[in-house]
Amino acid sequence: MEAAIITIMALLFLSFVALGVYATVKAAKAAKRGVDRTIDQARRTVEDTTLRAKSYGQAGTAGELARLRLSLRTSMRATQEALQAGVGEDASLKESLELFHRLSAHGLELDEDMKRIEREPDRAWVAGQLPELTARTERITSSADALRRAARERALRFAEDDLSSLSAQIDVEAGALRHWTATGPETAYGAAGTSATGGTSGSAGTSGSAGTPGTAPGAASGSSVPRGQGATSGSSRPGPGGEPPAITAPDPRLTSYPWEKSARPETTT
């Protein structure tokens, strides 16, 4: 039992040691890559500054070679950065990046050739090589510029398409949010008020018709109701025994019409 425990602990210790060594090696490699990248960037910055100073400060073949090298390095670096930045979002740029790697080989070869020619003591021979070097530089830089511009135009087109689609979706959503203007609370309230007014008028008309049975059409439109009619409707209620009394005809002497003159009171002397 003790031997098994010791074996397990030894295995765990060896596992931790191996893991620590692996992590240390990975960290050291990452640090080395970072240092190398920093050194390369510093060296490129120094070389670019030197070439820029030579292109502006020196005349003749030395200044022309510095100008060619500077234009070549600037174009190649800009294209590389553009393609590497876009390949993460657009997988179709992988083929373009592979083509650029092949073009970079020609660019590096040309840069090395011009670097060697700069140290050539025969300036006449260097001047004779300048037309060929200029043509090679223009071919490589034009190809690199074409790749870079095509990648940027493709990214801009995708961004424009995405913006157009987003604008259309926002317009649809804005229209849906403004739907309340057609059937909103105020409109619904107005419809409810109209229906309520109509219902009240209808109820009043119905109750008025039901409250004056047997009246003429003219009485419903606001004409005076005969006095006898009220008596008739009042006498039609059931009596105490539950049986309705006999219907009596109205007294003609008590019936008044709107065209009759009111009787004058008799005077006694």
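The rules we used
Residues numbered from 1 in each chain as written. Predicted model: local features only at pLDDT ≥ 70, side-chain atom pairs only at ≥ 80, totals over all residues. Heavy atoms only, no water. Helix = DSSP H or I, 4+ residues; strand = E, 2+ residues; numbered from the N terminus. Buried < 20%, exposed > 50% of the residue type's maximum accessible area, 1.4 Å probe, protein only. Contact = heavy atoms within 4.5 Å. Areas by Shrake-Rupley, 256 points an atom, 1.4 Å probe, with all protein chains shown as cover. Patch = residues over 30% accessible without salt bridge, like charges linked within 9 Å, V, L, I, M, F, W, Y side chains within 5 Å. Salt bridge = Lys/Arg side-chain N within 4 Å of Asp/Glu carboxyl O. Lys, Arg positive; Asp, Glu negative; His and termini not counted. Charge placed at Lys NZ, Arg CZ, Asp CG, Glu CD. Core = buried A, V, L, I, M, F, W, Y, C linked by side-chain atoms within 4.5 Å. Axes fitted to C-alpha atoms, helices over the stretch in contact; angles between N-to-C directions. Parallel < 35°, antiparallel > 145°, perpendicular 65-115°, else oblique. Left-handed = near helix turned anticlockwise from the far one by under 90°. Nonpolar A, V, L, I, M, F, W, Y, C, P; charged D, E, K, R; others polar. pLDDT = per-residue confidence, 0-100.

Turning our eyes to something else, we now look at the overall build of the chain. Within the chain, the regular secondary structure consists of seven helices and zero strands. Ordered by position from the N terminus, the helices and strands of the chain form the series α-α-α-α-α-α-α. Across the 269 residues of the chain, 18% fall into the buried class. The contacts in the chain between residues at least 6 apart in sequence include a share of 66% that link residues at least 24 apart. Total accessible area on the chain stands at roughly 20,500 Å², and carbon and sulfur atoms take up 61% of it.

Glancing now at a positive patch on the surface. A contiguous patch of positive charge on the surface is contributed by Lys 26, Lys 29, Arg 33 and Arg 37. Along the polypeptide, Lys 26 turns up in helix H1 (residues 2–57).

This part covers the nonpolar core. Across soluble globular proteins, nonpolar side chains have a tendency to be buried as a group. Formed by 19 residues in total, the largest nonpolar core has its most connected members in Leu 65, Leu 72, Met 76, Leu 110, Met 114, Leu 133 and Ile 140. For this core, the elements supplying multiple residues, two or more each, are helix H2 (61–87), helix H3 (93–118) and helix H4 (123–177). Setting aside residues up to four positions removed in sequence, Met 76 forms contacts with Phe 100, Leu 103, Ser 104, Ile 140 and Ala 144.

Counting across every chain of the model gives 11 salt bridges. The salt bridge partner of Asp 90 is Arg 154, with a shortest N-O separation of 2.3 Å. Here Arg 154 lies in helix H4 and Asp 90 lies in the loop between H2 and H3, a separation of 64 residues in the sequence. Residue Asp 90 is classed as buried on the basis of its relative accessible area of 13%. Note that Arg 116 and Asp 113 form a salt bridge whose closest N and O atoms lie 2.2 Å from each other. Highlighted residues: Arg 116 and Asp 113, both in helix H3, separated by three residues, approximately one helical turn. In this structure, a network of salt bridges that share partners links the residues Glu 47, Arg 69, Arg 73, Asp 111 and Glu 118.

Viewed as axis vectors pointing N to C, H2 and H3 meet at an angle of 160 degrees, and their least axial separation amounts to 10 Å. When the interaxial angle is binned, H2 and H3 end up roughly antiparallel. Classified by chirality, the crossing of H3 by H2 is left-handed. When its residues are assigned to classes, the contact of H2 with H3 shows 14 nonpolar, seven polar and six charged.

Further remarks concern the side chain of Arg 148. As for its position among the elements, Arg 148 is in helix H4. Contact partners of Arg 148, with chain neighbours within four places excluded, come to Ser 75, Ala 78, Thr 79 and Ala 82.

With that settled, consider the side chain of Asp 111. Examined against the element boundaries, Asp 111 turns out to sit in helix H3. Exposure remark for Asp 111: the relative accessible area of 8% places this residue in the buried category. When residues no more than four places from it in sequence are discounted, the contact partners of Asp 111 are Arg 69, Leu 72 and Arg 73.

A few words on the packing of H1 against H2. Put simply, H1 and H2 touch, their axes get as near as 8 Å, and they point 140 degrees apart. Relative to H2, H1 is oriented oblique. Judged by the twist between their axes, the crossing of H1 over H2 is left-handed. Within the contact between the two elements, H1 uses Arg 44, Glu 47, Asp 48, Leu 51, Arg 52, Lys 54 and Ser 55 and H2 uses Gly 63, Ala 66, Arg 67, Arg 69, Leu 70, Arg 73 and Arg 77. Residues that form the contact of H1 with H2 fall into these classes: three nonpolar, two polar and nine charged.

This brings us to the environment of Leu 97. The topology assignment puts Leu 97 in helix H3. Its relative accessible area of 15% is what places Leu 97 among the buried residues. Each C-alpha atom of the pair Leu 97 and Leu 147 lies 8.9 Å from the other, and the pair is 50 residues apart in sequence.

Once that is clear, we can look at the confidence of the model for the chain. On average, residues of the chain score 75 in pLDDT, and 67% of them reach the 70 mark or higher. Every residue in residues 198–236 is under pLDDT 50, and counting partners more than four places away or in other chains gives eight contacts.

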